[in-house]
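Each chain, written out:
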Amino acid sequence: MPALDYQDMLLVVQPSLSKKRVLIVDRHAPARDSLRATLHSLGFVDVHGAGDSAEAFRQIHAERFDIILSDYVLDDGRDGQQLLEELRHSHLIQLSTIYIIISSERGYTNVVSLAELSPDDFLIKPIASELLQARLVRAVYKKHVLRKIYEHIEHGALNDAIEACDRVIQQQPGYMYDALRLKGDLLHSQGKTREAEVVFRSVLEGRVVPWAKMGLATALRDRGALDEAEQLAYQVTQDAPDYLSAYDFLASVHEAQGRLADAQHSLQRGADASPHNTVRQRLVGDVAARNKDFLAAEKAYSRVMERSRGSTLRTMDDFANLSRVLVERGNFA
């Protein structure tokens, strides 16, 4: 089946747009109203608004949304990136949920951070209605193509999900790599490391992409081929330095090799490129503390505390970890 163009996608998804539940998260009511009007003109009917992340959480707890459009800067100490991180951490959104971040931020760090968390898209203000429609149609169509895979995953039917991946690979060439990536990850999650390795190697035969290299590296690590896994991940950091999970992976390999200083260095490189990632900052603190670099651990844990203020990402361990390294440094204030 040939890949569909935009107009073909629109014909497929347009009847479903009126059934999609949409949540707009923006601290400015006029901005929510303007975006709501634009969505109504595009055929969306069930459109809701939230002025901050707390209200967004309340609504998402109560109802399932198909599409979430979040401004990057929110009004209660969080931002759209952190909201996405928390929603995923709390399992409040499904694989089928479309999450788009809307931002006026063009800075390198913010763009890297958003890309790292893999929202379905991010748009820079101001947004023309034609662009918004085009991006939404493509996102809705992609979820439509992959919907059976997502449904099986959510029901824990992983073998059925793999079969659904195979059908997409055969019938939807435009989404073949999406399905191959999901298939490789599913095989790996089942402990089928050799089969996952075959999938990722097959991708790399036709297309060199960071996620396939990292998928292969993960399979190699998990069967004990640490040196080969390390080399692959290192290649990713050289060829695609913005692919930040490669630094996390390198750290895991270095830890397995007993190289704590190298592990800390790798994590710090990722944290420097994307300083708003709470999970990675916590990992930096953990490894630095084990490496007895208590100053670096204090800085990392302090960033975790600052970033997770009022958030579900904060844990009691964060207080304990920061207190412990302060004591180690002799800071009792």
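Now for a quick tour of the structure. Because the structure is predicted, anything quoted here is derived from the model rather than measured. (Residues numbered from 1 in each chain as written. Predicted model: local features only at pLDDT ≥ 70, side-chain atom pairs only at ≥ 80, totals over all residues. Heavy atoms only, no water.)

### Notes on the packing of aromatic side chains
Link 1 in the chain: If you walk through the whole model with that rule in mind, you get 2 aromatic pairs.
Link 2 in the chain: Here the aromatic rings of phenylalanine 200 and tryptophan 211 are separated by 6.4 Å at their centres, their planes lie at 70 degrees, and the arrangement is edge-to-face. In this pair, phenylalanine 200 is assigned in helix 10 (residues 193-206) and tryptophan 211 in helix 11 (residues 210-222), connecting sequence segments 11 residues apart. Tryptophan 211 matches phenylalanine 200 in its accessibility class, with the two residues each being buried. (Phe/Tyr/Trp six-rings, centres within 6.5 Å; stacked < 30°, edge-to-face > 60°. Helix = DSSP H or I, 4+ residues; strand = E, 2+ residues; numbered from the N terminus. Buried < 20%, exposed > 50% of the residue type's maximum accessible area, 1.4 Å probe, protein only.)

### Brief notes about the layout of surface pockets
Link 1 in the chain: Estimates place the volume of the second largest pocket at around 340 Å³.
Link 2 in the chain: Around the second largest pocket, the lining comprises 17 residues; the ones closest to its centre are Lys20, Ser96, Lys143, His144 and Arg147.
Link 3 in the chain: Sorting the residues of the lining of the second largest pocket by element identifies helix 1 (6-17), helix 6 (129-145) and helix 7 (147-154) as the ones contributing at least two each.
Link 4 in the chain: If one sorts the elements of the lining of the second largest pocket by residue count, helix 7 sits on top with 4 residues. (1 Å grid on protein atoms, 1.4 Å probe; cavity = no way out; pocket = protein on both sides within 12 Å on 5 of 7 lines; lining within 4 Å. Points joined across faces, edges and corners; volume = space filled by probe spheres on them.)

### Things to note about unusual backbone geometry
Link 1 in the chain: Proline 126 follows lysine 125 through a cis peptide bond whose omega is -10 degrees.
Link 2 in the chain: Following the sequence through the fold, proline 126 ends up in the loop between strand 5 (121-124) and helix 6.
Link 3 in the chain: The phi dihedral of histidine 91 falls on the positive side, at around 55 degrees, and the residue is not glycine.
Link 4 in the chain: Residue position: histidine 91 is located in the loop between helix 4 (80-89) and strand 4 (98-103).
Link 5 in the chain: What makes histidine 91 exposed here is its relative accessible area of 69%.
Link 6 in the chain: Phi is positive for lysine 292, close to 60 degrees, though the residue is something other than glycine.
Link 7 in the chain: Classification of lysine 292 by relative accessible area gives exposed; the value is 63%.

### Describing the pattern of salt bridges
Side-chain pairs of opposite charge can arise where the charged atoms are in close proximity.
Link 1 in the chain: Applying the stated criterion across every chain, the model contains 22 salt bridges.
Link 2 in the chain: A salt bridge links aspartate 33 to arginine 36; its shortest N-O distance comes to 2.9 Å. Of this pair, aspartate 33 and arginine 36 both sit in helix 2 (residues 29-41), separated by 3 residues, roughly a single helical turn.
Link 3 in the chain: A relative accessible area of 45% places aspartate 33 in the partly exposed class.
Link 4 in the chain: Note that arginine 58 and glutamate 55 form a salt bridge whose closest N and O atoms lie 2.8 Å from each other. (Salt bridge = Lys/Arg side-chain N within 4 Å of Asp/Glu carboxyl O.)

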